[in-house]
Structure formats: structure tokens, C-alpha cells
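Examination of the molecular architecture
Residues per chain are reported as follows:
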Number of protein chains: 2
Amino acid sequence: MTDYVPPLADIRFALDVQAELPELAQLPGYAEATPELVDSVLDEAGRLAAEVLAPLNHSGDQEGSRYDNGVVRSPAGFPEAYARFVEGGWGGLPFDPAHGGQGLPWALATAVQELWNSANLSFALCPLLTQGAVELLEIHGTPLQQRLFLPRLVTGEWTGTMNLTEPQAGSDVGALKTRAVRQGAHYRITGQKIFITWGEHDCAENIIHMVLARLPGAPAGTKGISLFIVPKFLVKDDGSLGARNDLRCVSLESKLGIHASPTCLMAYGDSEGAIGYLVGRENEGMACMFTMMNNARLGVGVQGLAVAERAYQGARTYARDRLQGRAIDGDDPKPVAILQHPDVRRMLTTMRARIEAMRALAYVAAADLDRAKRAPDAAARSRAQARVDLLTPLVKSWLTDGGCEVASTALQVHGGMGFIEETGAAQHYRDARITPIYEGTNGIQALDLIGRKLLRDRGAAARDLFAEIRSSLTELETASDARVSALCDGLGAALKTLEEATDWMLQTGARDLRRAAAGATPYQSALSTLLGGWLLARGAAAAAARLSGDAPDASFLSGKIATARVYVDNILPRAAADAAAATGGAESTLALTDDQL
Amino acid sequence: MTDYVPPLADIRFALDVQAELPELAQLPGYAEATPELVDSVLDEAGRLAAEVLAPLNHSGDQEGSRYDNGVVRSPAGFPEAYARFVEGGWGGLPFDPAHGGQGLPWALATAVQELWNSANLSFALCPLLTQGAVELLEIHGTPLQQRLFLPRLVTGEWTGTMNLTEPQAGSDVGALKTRAVRQGAHYRITGQKIFITWGEHDCAENIIHMVLARLPGAPAGTKGISLFIVPKFLVKDDGSLGARNDLRCVSLESKLGIHASPTCLMAYGDSEGAIGYLVGRENEGMACMFTMMNNARLGVGVQGLAVAERAYQGARTYARDRLQGRAIDGDDPKPVAILQHPDVRRMLTTMRARIEAMRALAYVAAADLDRAKRAPDAAARSRAQARVDLLTPLVKSWLTDGGCEVASTALQVHGGMGFIEETGAAQHYRDARITPIYEGTNGIQALDLIGRKLLRDRGAAARDLFAEIRSSLTELETASDARVSALCDGLGAALKTLEEATDWMLQTGARDLRRAAAGATPYQSALSTLLGGWLLARGAAAAAARLSGDAPDASFLSGKIATARVYVDNILPRAAADAAAATGGAESTLALTDDQL
């Protein structure tokens, strides 16, 4: 097991340079996000992550959450760790002070989320879902609902869940069958939900389930779905807990990873029906739930980044400590750390480059979320919102695919020891694998990307992004540091490739959606790969500018430039391969008949 | 759990068309490999695989092998299944009839190995290691050793193991410390070995360990290593079992996957030292062991292919059965099988294309092994041996990386169910992950490729291969079926890219081995990707030629052409990306300093 060392310098760099946190702090309401406060938040969060959450990661995996007749016990240490989390007020970081939050930027909250997830992915899922419930109620809840539920959800004293999936309704949420019947001021809910993360546990005194259900006579599909608050314990008018609601956890799933996180089969309404409170209007539940889902999609992307960082740290430690073989050049018979072997070094540097690009993309998306919420100018808000919408599927898919890839490479660095559970590399590999699946599979993200984010606005948001990249590259080309300007050739070519692929996607999508959809996943990957390179190049330029002074962190800053180079040389070429597959490969992937598969 | 359906038509096609089995059958000693016999071998093996081994795959994973005070119990059903395997004479397929084998081509034995491994990877490891021991003794054993050990190893009544690794000696085998001291006609062995696959079990009455150890005063490193036969039970002159040797299994590893396969920590010589018999000469053990390792490396590559095929079948079945969502085009509100969704179809067709390319490469390498052993002409034998040597790291690395990739995509097709252990997709994902590690990590394969296989002969074997590809493409360009000739553009460009990358590797390797080594892994991948495409194009051409007649299997044959197209459009573009990383990325991956990682 490797200790987790919060990469605060890297995080701070990405926040300042790529997410432009100092500018975000100028937005109305964010005045408190001073450099000093940001430092202190990151320091404190890093300490909790490293000292309390990280040590429970492996033991939580080995022990797992356990089910006993409706009761779920989280692994040893989890309830106490969660109490520390609540005590620190960490749940409320980005939320409205009116509901007990601290009103800090989402960009900062995203960085803090990375820390929780690197430390303990299973643990961090619980606050992630609670956060989704909070945002949902902040936007769609009635004043009464906000008064009753928000304060305790914001502190984390109560936790939230998201109940969409049923056996016959996975990616197709519209196929759900859970029923809701009106009864005076509330509804009675009956049905079963599967894959409910932290659906039942012993870390909080109440669990607030956000449940999608269908009213009698509701239209078919997603247009007939309503959203309900269904608390485990009913909440009295004074906010105190009332009777146990008619819902229970029936069983836990036996999963590949995230063993500490209980994945529940939930039954609502075994007796008279669980009491639920409508959120938003009848039959408009999907739109409300999407608030929660978009939030959660960015959060799941951050999980991919986070597990990659943790896995990378484990591999780096192993590669520094493990002596094996001799240096490939020279005649020194002394064994060297495997870090010195070029192939191992390639694995570490390319992992690092991918991680830094993923971090930059996640934080940039979060910064746009802040602008979309807080920019004084409506046009700026709407532009930022369009950018977040465009980036959300990229963050979700590219960071989770990257999490799996990095976790796999990190395991490989360990050689045979990577396959043995005690080193922890295998756990990261197992844990990471859920992230490309939940909150909308990465294939669903790709369809979202080409459908809602590209075809719907006829490429406007994408073109806005490309224009920004182009102008940014034009600036970088004239950078005085030749290492920075040299990055632009490859990036300019990749930009052109993506512009062409985007044109192809727009034209093809307009006349043959099926064919466009067949290319959506590699297109999504290609676009993300370009963005990652662009953001690292921006980082390299900023590092070079700081270096020209008398920087005490010269090695760190040079590392940023060198890492951008690793990316452009080793990872960026995939953008062309993916774009070729997206545009040139879509047709052939559809050509095989059912019996030829 | 999905049933396993042996893909006999695909296997037969790859054997006939890419591995050119009909020509192999003309080689001296292979006359028995008639089409009828080949059919009947594949049929029978397929039956045993599907009916006996495959049903034990999931239960074996759940139960695992268990350790109890030196005794290892394999999962329920394994001993009986192994008895069936022995009864069928399957272990002796490719071996010398003089030792009880059937003397059939390695190409056929490789196809049969695919079946065992698809059915049950953990199970198939046991015969795979036995096979390595047989080949080792066939080549390096004394007549007495051959008489005593070979017959029972060939039948599989006894099984073999490979004891290289020690805690401080993994990839660097030369660092091993196990000691051997001469005592009359035998040696006494003392030391510990780790990661010994099927090192102890209850499926066979004796286990013949092939153990690397060091004699007193032996030179340091790999030049001071000797190889010993160390049987669990000593074997008397009449072949009957004698006393228990001084060796034992100390514990089993807790692993990410292949739970049914016991991975043993072995202790030799707790008391007076385990009795061992020298194979080959003193201090020349590594060369002998390489016989076993090269054999095993091809076998591990086949494991990657095999688990990919099994995972693919699971995903295909799930995608056919699972109704979710509506067709993307048209207005039909009826749910469709997810197989009909373009993104799922892309996953299935690209998996299929990759699998067929992997299969072709493995069988072609095995066919070259047959030529290297049996071609009447010495020059042909030596050319074939150079080809096998070149292909071995490619088969090992590309097929095992592909196994992991396909298993991951197959899991993704299952959505949330893929993460639940009961569907079996997660097992394939876990099991596959060992294959890029053992028998030499894929990074070690890449160094072998550029060092021993490329730089040592200054690119002669690679150029011979490129010339064959070029002449093959020239032929395909004139194919009357336009679908075949259309494959050549992309392949020709990829060939040129690889020729250039190979030149770069030769030049760079001659003056800066460190830099060449930093590009070795992506080079290895790029070269394999080209070969896969070339072999599928050859398959497409053969399919087109058969189609021009009145083929009853027209759909199957058209599928081969369509699959080659999927490969060229979707997978082949990676060759350029990998080649760019290999040649253009090597320098930057070495540029970061230790503290910048």
C-alpha cells in the first residue's frame, strides 16, 4: 500500500493557470476565494484526505460494506471518517451560504473533490451524490423542501442518493416502472430500484432518496417521469426526524470494485407505499434529474482523474523503490531503480502527462460552471453554460477512460506484484472500471455530445471553442520560450483535424444520424485529446513566463513544459487516429450483419 | 454467465488461409494433418472445452484454489476435468510420437490451445506450463531424463512448472539466489521461488518443477544459472514414484484474477535440500529455459486472444438479448436489442476485427514454428525461425494488450451489469490482466524486439517481413473484388510508416540505446497493428476468391471482407499514432528529471 500525497502544487497550478481561479475570484459572490483561503482549504482538505480517508481505502476494499437484514454496515472506520468530513463542513464548500454552504467556486470544490476521490473513491461517492441532491433542491425545490432538507444535506449530516435505474430501465430511463400515486400533499411510491449507490448505510442519521417514478396515466417514456424526495426517515416540520418511511435495502451487489461503497437494491412501498414529495412539476422529473446528473457527470470525470493520480503515485513509489536490472547504457553492474529504465520512464511520464491534461480539463469545465452561474453579463453566462454543456461529456468520458488506462499502466509498472492484491494497484484497476459506466455510459456521453451538444446548436459551441484554441495557439506560437512555440505545430494540425471531423459530424448527423452515432465515441475521444494538449500548452506557456523571473520553483515549472511536450509527442497523435476512425470508420462498423458478428 | 461456443469456422478459416495449414501438412512428418483429422480434432476439442471446461470457469473463479498446510485443493470439478483432458490425450498433440505425442502441427495445437483458454484460462495454464516442460526436455534432456519424465508429462499424468522468479529476481532473472550443490549424480537445491503457477495442486500425481538455481562460485548474472528438474515425488528407474522430495508450497497469492490457478510460493530444501537433476550443462540454464519461455510466450499471447474471444461472445450474447432504447433512426417506439445501437455495434465489430487479427497473427507465428522445425530446406528453416523469433514478442504483447482491451470493451457493452460479478464480464477483465505481465512483461518483450530481434540482425528479419507484406499488397491491389483492393491504400501507408520507424529504430538503437528503448513499446504495438491488418487483408482476398464460386457460406465469407474493412478503418490508424510516439516521443519521455515525476 502506498501513502497518498496530495499533489497540491499541481492542483494549485491547474487552478491558477488553466482554470484561472484569480479571475473567478473577481466574480460576484466569490470575493472570499482569496489566494490565502484557497491555500488553506487545499491544505486542510489534503490533510483529511491523506490522514483519514486514504488509510481506509485498502481496508475498505478488503472488508467491503456488509448487508444484514436491511441494515448496511460500512467498513471499519468509515462512519468515524464520515463524521470528520461532516465536522469539517466539507460538504457545503460550493453551496449557497443561505443554506449553510460556503459559497466558494466550483473550480475549488472540484479540486477538493479530486482529493477525496484519490484518497478513497468508495468513500467519496457518498458526498458526491449528496452534492447532486443539494444542487437539485437548490434549483428545483420548494422553499419548504429547501428549508427542511437542504441544511442537513449541505452539512452532510444527511446524505443523498439518486434513484433512476430499474432492471429494465438502464440507459433508457424512460422505461422505468416505479409508480407514484398522489395522496393529499404527498405521494405514495412503489417499486424497485437497482444500483443505488450508498442507498443504505450507517454513516448518517437520514438518507434522502431522489426517486424517479411514474404517475398513473403519465405519458410513455421520459416525458412521463416525475421526481420525488423520499426520505428514509420522514422529517417533521421542525426539522426533527419522524417515522421510518416504507422503503428498505433488499440486498447489495457483488461488484468488481468500489467494495466499500454499498450498491443497493432498494424496495419502495412494501406496505402502504413510501411517502414522497414532488420536486418540480409532475411529468417533468427528467429535466430536474438532469441537474443532478450533469453535476454528477463532472464529478465522475473527477473520479477518473483522481484514481489515475492515486494509481500513478503508487507506481511512482514502486518504480523508485524497486531495484531490478542494470542501466541499459554503460557497464555499471549495480542494480538500478526501475524508474531508470526507459520503458518504465515512458509509462510514468505518459501517465503524468495524461493526468495533468485530465486535471486541466476538469478544472476548466468547473470554472466555466462558475462563470455560467456568476458572470455579471448574461451573454457571458450563456456562453459559459454552452461551454460547460459541451465539456461535460468530454470530462465524463475522457477522464474515466483515462482513469482506467492509467490504473492499468500503473499496475503494469508493478510487474507481477501488480496482480497481487496487497500492493493496491489491482484495487485502483478494479475501482476505476465503474467510472466509464455509471452516470451515463461513455457511449451515452458520446451520443449526448453529438446530439445535444453539437447538432442541436449546429456546431456553434464547438466553433466557439475552436476559435479560442486557434487564437490561443497563435499567441503561443510567438512565445519567447522555444519549447513552448514548438508545441504549436502538432496542436495546430490536431485542431485542423478536429475542425474537419466536426464538419463531417455535423453534415453526416444531419442526414444519417445512425452513421454519425457510429463515429461518436472516437470523435469524443479525439476532441478530448486535442483539448488536453491545448490546455497543457497553455500551462507550459504560463510556466515559461514565470520561469523568466527568478522562480524558486524552476524545476517544477520546467516540468510543466516538459510534460506538455510528452503529451504532444506521445498522446496527441491519437487524436488523428481517433478522428480517422470516427469519420472514416463509422460506415464499416455498421456494415456487418447480425449473423456476421 | 454465457456459454462458450467454440468459433470453429473462424478458427478453421484462420488455420487454412492465414496459417496455410494445407501447405504445412505437406511438411515431412505432418502427413497425418489431413483436413478430416483437423476437423475432427477441432470438433472434439471444442466439445471438451465447451462442455467440460467452460462451465467451471465462473465457479472456479468464485471458489478459487485453496491452501491448507502445504496441500492445494483446486476448485470443485477441476480434478475431474483434468482427468478428462488427460484421458483425451490432449497434452501430446504437437509432440514427438517417440515420447507418446501425436506429432501434429503447432499451428493446429495453437488453435486447440485457444479453445482451452477461452473455456477456462485458469485451467489451461496447467497444460500450457506442462507443454513448456515437455519441449524443454525434448530438446535439452538426457535420454534417461526423457525416458523417465517425458511420457507422463506428454500424457499430462504429470504436470510441469517453471521456477524462475524470486522476490529480488523478477524481470532480472540473473539476480536469483536459489542454490544448487552437486551431490553425486544429482544436486541439492535450496531456496524460495515465487509466482509459481500450478506449483502445487491435486490434479496430477506428480509435478515436475523446472528450477533455475546457482552453483557455488558460478559467474554473476544470467551466465551463472543452471537448470534442474526437481520432481515433487522422485521417480524410480522403472518410472514409478518414489519418495517425496524436499520441497513444498508455503502459501498461495491473493490475486486480481485467475483465482482457480494456484500461484504458489515454493520452498526448496527446508531439510537436506531438494534433489534435482541438471538439464543441459552447468551455468547454461538460461538458454535451456528460453526454450520453455519462448514456447510459453506464444502460449500467453494465445491466452490474450482466447480471453478476448470469450469476453466478446459474452458481450455479443448480452447485446443480442438486452432490449433497451429505441432505434436511433425512424420513429418505431419499440425497444430494440442494444446490438442495434450504432455505438454498441461499433464496439462489437471493432472487437471482432481485433480478435480476428490477433488469431491470424498467433496462428501464423505457430505455422512458422512448424516450418522452422520441419521444412526440408535448411535455409527455409532458418528463415522461418528468424520469423518466429521476430513474431514472438509481437504475439505475446499485442495479443495480451488486446485481450485486456477487448475484455474491457466487452464489460462496457454490459453497462452496469458488467461491473457485477455474476455476469462474468468482470472475471474476463480481471483474468486477462495477468497476461501482459507474466512470461516477460510486455515492456520486456519490446526490449527483446528491438534488441535481439531487430538490432542484432540489423533489421534483416524485419525487412524480410516488410518485403513479403509489400509483395502481398501488390497482389491484393489487383484483386478483382474492389472491396479487397480498397484495403491496400491504408495498409500501404502503414507499411511505409513502419519501414521508416524501423529505420529510425535501427539508427537510433545503434547510437543511443536508451532512446530507442524509450520508443520500443509503441513501436512494438505499431508493428503488430500493421501485421494484423495485412493478415486480415490476406484473409479478405481469400474469402473473395472463394465467394466468386457458388459458396454456401457466402455470408461468412463476406463477413471476413467486411471485418478487414472495419480493421483498416478503425484500428489501423493507431499504427501511425504509435509509430509517431515511438520515434517522435522517445526523447521527451526521457526528459523529465526524477523530481519532476
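Look up: the structure comes first, before these words.
Rules and cut-offs
- Residues numbered from 1 in each chain as written.
- Chains lettered and ligands numbered in written order.
- Predicted model: local features only at pLDDT ≥ 70, side-chain atom pairs only at ≥ 80, totals over all residues.
- Heavy atoms only, no water.
- Helix = DSSP H or I, 4+ residues; strand = E, 2+ residues; numbered from the N terminus.
- Rg over C-alpha atoms; globule rule 2.2 N^0.38 Å.
- Buried < 20%, exposed > 50% of the residue type's maximum accessible area, 1.4 Å probe, protein only.
- Contact = heavy atoms within 4.5 Å.
- Areas by Shrake-Rupley, 256 points an atom, 1.4 Å probe, with all protein chains shown as cover.
- Lys, Arg positive; Asp, Glu negative; His and termini not counted.
- Charge placed at Lys NZ, Arg CZ, Asp CG, Glu CD.
- Salt bridge = Lys/Arg side-chain N within 4 Å of Asp/Glu carboxyl O.
- Polar contact = N/O pair within 3.5 Å; in protein donor to acceptor, adjacent residues only side chain to side chain.
- Phe/Tyr/Trp six-rings, centres within 6.5 Å; stacked < 30°, edge-to-face > 60°.
- Lys NZ or Arg CZ within 6 Å of the ring centre and 35° of its normal.
- Core = buried A, V, L, I, M, F, W, Y, C linked by side-chain atoms within 4.5 Å.
- Least-squares fit on C-alpha atoms with pLDDT ≥ 70 in both.

In terms of helices and strands, chain A carries 21 helices and 12 strands. For 597 residues, the compact-globule estimate of 2.2 N^0.38 gives 25 Å, and chain A sits close to it at 24 Å. Projected onto its principal axes, the C-alpha coordinates of chain A cover approximately 80 × 60 × 55 Å. By the burial criterion, 64% of the 597 residues in chain A qualify as buried. Long-range contacts, defined here as pairs at least 24 residues apart, represent 75% of the contacts in chain A between residues at least 6 apart. Here chain A displays about 20,000 Å² of accessible surface, and carbon together with sulfur accounts for 52% of that area. The positive charge centre, built from 57 side chains, and the negative charge centre, built from 70, are 4 Å apart in chain A.

The partner chain B presents 83 residues to the 83 residues of chain A that form the contact. Counting across the chain A and chain B interface gives four salt bridges. Measuring nitrogen to oxygen at the nearest pair gives 3.1 Å for the salt bridge that ties D172 of chain A to R326 of chain B. Counting across the interface, chain A meets chain B through 52 residue pairs in polar contact (both at pLDDT 80 or more). With nine residues, the top contributor of residues to the side of chain A that touches chain B is helix α19 (residues 554–570) of chain A.

For any pair of aromatic rings, the description rests on two quantities: the centre-to-centre distance and the angle between the ring planes. Enumeration over the complete set of coordinates arrives at 23 aromatic pairs over all chains. Seen in terms of ring centroids, Y82 of chain B and F85 of chain B are 5.9 Å apart; in terms of plane orientation they differ by 20°. Their pairing is stacked. With Y82 of chain B and F85 of chain B both in helix α5 (residues 78–87), this residue pair falls three residues apart, about one helical turn. Like F85 of chain B, Y82 of chain B is buried. Ring-pair connections join several aromatic residues into one group, and the members of that group are F78, Y82, F85, W90, W116 and F123 of chain A. The cationic tip of R433 of chain A hangs over the ring face of Y429 of chain B; the distance from NZ or CZ to the ring centre is 5.6 Å. Seen from the ring of W534 of chain A, R538 of chain A lies directly overhead, with NZ or CZ sitting 5.1 Å from the centre.

All right, on to the pattern of salt bridges then. For side chains of opposite charge, pairing can occur when their charged atoms come near one another. This model, assessed by the stated rule, comprises 78 salt bridges over all chains. A single network of salt bridges, built from pairs that share partners, joins D10, R352, E356 and K560 of chain A.

Another point: the nonpolar core. Counting 382 residues, the largest nonpolar core has M210 of chain A together with M210 of chain B as the members making the most contacts within it. With residues near it in sequence (within four places) discarded, M210 of chain B still touches A133, L136, L137, T161, M162, N163, L227, F228, I229, V279, M289 and M292 of chain B.

This brings us to the side chain of N117 of chain A. Residue and element names in this part refer to chain A. Looking at where N117 falls in the secondary structure, it is placed in helix α6 (residues 106–119). What makes N117 buried here is its relative accessible area of 2%. Side chain to side chain, N117 and Q303 meet in a polar contact 3.2 Å long. Apart from the residues within four sequence positions on either side, N117 is in contact with A124, V302, Q303 and A306.

A few words now on the relation of the copies chain A and chain B. At an RMSD of 0.0 Å, chain A and chain B line up after a rotation of 180° and a shift of 0.0 Å along the axis. Here the copies are linked by what is in effect a two-fold axis. Taken together, the interface assignments show that 100% of the residues at the interface of chain A recur at the interface of chain B, consistent with an identical surface on both copies.

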